[in-house]
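# Tertiary structure, described
Listed here are the chains, written in short residue letters.
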Amino acid sequence: MPEFHLSRRSVIAAAASIGAAPVAFAAGMQNKLDLSTPRDQLRAYAKMRATVNGGLAIWHHAIDMFALIEGRVSEFLFKREGISVHKIRIEADDSLTVHYVASTYPVDGGNVKDGVWKNHITGRDVKLHALPGAKGPVVRVTAPGLNGAKNAERDLAPPSAERYVIGTPTVFGGRISISDDMLVYRTAEEQQRIFTRAASMGDYTATELGAYESELADVMNPKRANAPASRAMVGVVPWGPDMGMDGLTGKLMIRHRARKVARADDLPQWLSERAEGDSPGIFTTPKLAI
């Protein structure tokens, strides 16, 4: 469940930044933005991750992959780069429904050439797969007392669970940060039920710890429905049999950095063209559930 507890220090900092006069949250909305309330904390999150007017938000991603190997020092593996398109719908009960679609690709360089990675740990040549048009979970994010945040499309049998935890806004140095974490455990049985042949054979545990950041003035600006933002995340997920690890025990560790862009033209040309070619309309009419 999201933890919406804003410290008194953060509230004072926010008030000092925007002045004492009431501030309308967005053009055409009568509500005031008050970061001490769960409702407006959700609005701030929506403004940072996507937009509160129902439009699309495009993100540019840089991803570094590491091997976290038991009994050894972690090692850098390869890079990926990609895009994602996000949309948020504000529901009648003030909760949010969030969905996104993403395309990511291996980046040539170092031990990667033409999408083939020379696994320096085992000496194996590994074909790195593009992941075009991959849909994220449809997540419902609510204030306390309304069941927290969960995947609206999936019911799991305990002990399997997927938790999406949206944290407390933190205000420091004129910036606002909101954490956004994904905590997942699925038994092998649940993996097979959901993903069939694409599933790993064993239990699946994944943790992603991320945070969105923006200038506080942009989030509080009543003329902005969409605040410029960046995101940083560190994640740990299982590696699959296609990584060429030859039975080594370990996991993939991901360092992820992303920036929201104003338009697809702000992306590297090769990336926007590749994403559009693989998933026509991804930047204008993406195949989203909302």
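Residues numbered from 1 in each chain as written. Predicted model: local features only at pLDDT ≥ 70, side-chain atom pairs only at ≥ 80, totals over all residues. Heavy atoms only, no water.

With that out of the way, let us pick up the overall build of the chain. Helices and strands together make up the secondary structure of the chain, namely five helices and 15 strands. Within the chain, buried positions represent 46% of all 290 residues. Across the chain, contacts joining residues at least 24 apart in sequence account for 65% of those joining residues at least 6 apart. Surface exposure of the chain reaches about 14,500 Å², of which carbon and sulfur atoms provide 53%. (Helix = DSSP H or I, 4+ residues; strand = E, 2+ residues; numbered from the N terminus. Buried < 20%, exposed > 50% of the residue type's maximum accessible area, 1.4 Å probe, protein only. Contact = heavy atoms within 4.5 Å. Areas by Shrake-Rupley, 256 points an atom, 1.4 Å probe, with all protein chains shown as cover.)

Attention now goes to the pattern of salt bridges. One pass over the structure, following the stated rule, counts 19 salt bridges. Linking arginine 175 and glutamate 213 is a salt bridge whose minimum nitrogen-to-oxygen distance equals 3.4 Å. Here glutamate 213 lies in strand S13 (residues 204–215) and arginine 175 lies in strand S12 (residues 175–186), a separation of 38 residues in the sequence. Relative accessible area serves as the criterion here: at 25%, glutamate 213 is assigned to the partly exposed category. The salt bridge partner of aspartate 266 is arginine 263, with a shortest N-O separation of 3.3 Å. What emerges from the salt-bridge pattern is a single network uniting Arg39, Asp40, Arg43 and Asp94. (Salt bridge = Lys/Arg side-chain N within 4 Å of Asp/Glu carboxyl O.)

The subject of this paragraph is the side chain of lysine 47. Turning to its location among the elements, lysine 47 is positioned in helix H2 (residues 38–49). Here lysine 47 sits buried without a salt bridge, and the closest side chain of opposite charge, aspartate 218, lies 8.2 Å off (N-O distance). In this structure the side chain of lysine 47 is engaged in a polar contact, spanning 2.9 Å, whose partner is the backbone oxygen of asparagine 221. In terms of polar contacts, lysine 47 uses its side chain to reach the backbone carbonyl oxygen of arginine 224, at 2.7 Å. (Lys, Arg positive; Asp, Glu negative; His and termini not counted. Polar contact = N/O pair within 3.5 Å; in protein donor to acceptor, adjacent residues only side chain to side chain.)

The next point concerns the sheet that holds strand S6 (residues 125–127). Here we have three strands laid out as an open sheet, ordered S4-S5-S6, and antiparallel in their pairing. Whereas interior strands pair on both sides, the edge strands pair on one side only; in this sheet they are strand S4 (112–113) and S6. As paired elements, S4 and strand S5 (residues 116–118) share two bridges and run antiparallel to each other. What sits directly across from valine 112, in S5, is tryptophan 117. (Pairing = 2+ DSSP bridges.)

Attention shifts here to the pairing of strand S14 (residues 230–238). Within a regular strand, the side chains alternate between the two sheet faces. By the alternation rule, side chains of S14 split into Arg231, Met233, Gly235 and Val237, which are all buried, and Ser230, Ala232, Val234, Val236 and Pro238, of which none is buried. For S13 and S14, the ladder comprises seven bridges, and the chain directions are antiparallel. Bridge pairing in S14 places glutamate 213 opposite serine 230. Bridge count between S14 and strand S15 (residues 250–261): nine bridges; the pairing is antiparallel.

A separate point is the packing of aromatic side chains. Applying the stated criterion to the full structure yields five aromatic pairs. Ring geometry for phenylalanine 66 against phenylalanine 76: centres 5.5 Å apart, planes inclined by 75°, an arrangement best described as edge-to-face. Of this pair, phenylalanine 66 sits in strand S1 (residues 57–69) while phenylalanine 76 sits in strand S2 (residues 75–90), and the two are 10 residues apart along the sequence. According to the relative accessible area criterion, phenylalanine 76 is partly exposed, its value standing at 38%. (Phe/Tyr/Trp six-rings, centres within 6.5 Å; stacked < 30°, edge-to-face > 60°.)

Its place among the elements puts serine 279 in the segment after helix H5 (269–278). Ignoring sequence-local partners within four residues, the contact set of serine 279 consists of Ser103, Pro132 and Gly133.

Let us look at unusual backbone geometry. The step from proline 158 to proline 159 runs through a cis peptide bond, and the omega angle for that step is 10°. Among the structural elements, proline 159 can be located in the loop between strand S9 (149–151) and strand S10 (161–166). Positive phi outside glycine occurs at aspartate 94, with the angle close to 75°. For aspartate 94, the location among the structural elements is in the loop between S2 and strand S3 (96–106).

Ranked by size, the top nonpolar core spans 52 residues in total, and within it Leu77, Trp117 and Ile176 carry the most contacts. At six residues, S1 tops the list of elements feeding residues into this core. When residues no more than four places from it in sequence are discounted, the contact partners of leucine 77 are Met65, Phe66, Ala67, Trp117, His120, Ile121, Met243, Met245 and Leu252. (Core = buried A, V, L, I, M, F, W, Y, C linked by side-chain atoms within 4.5 Å.)

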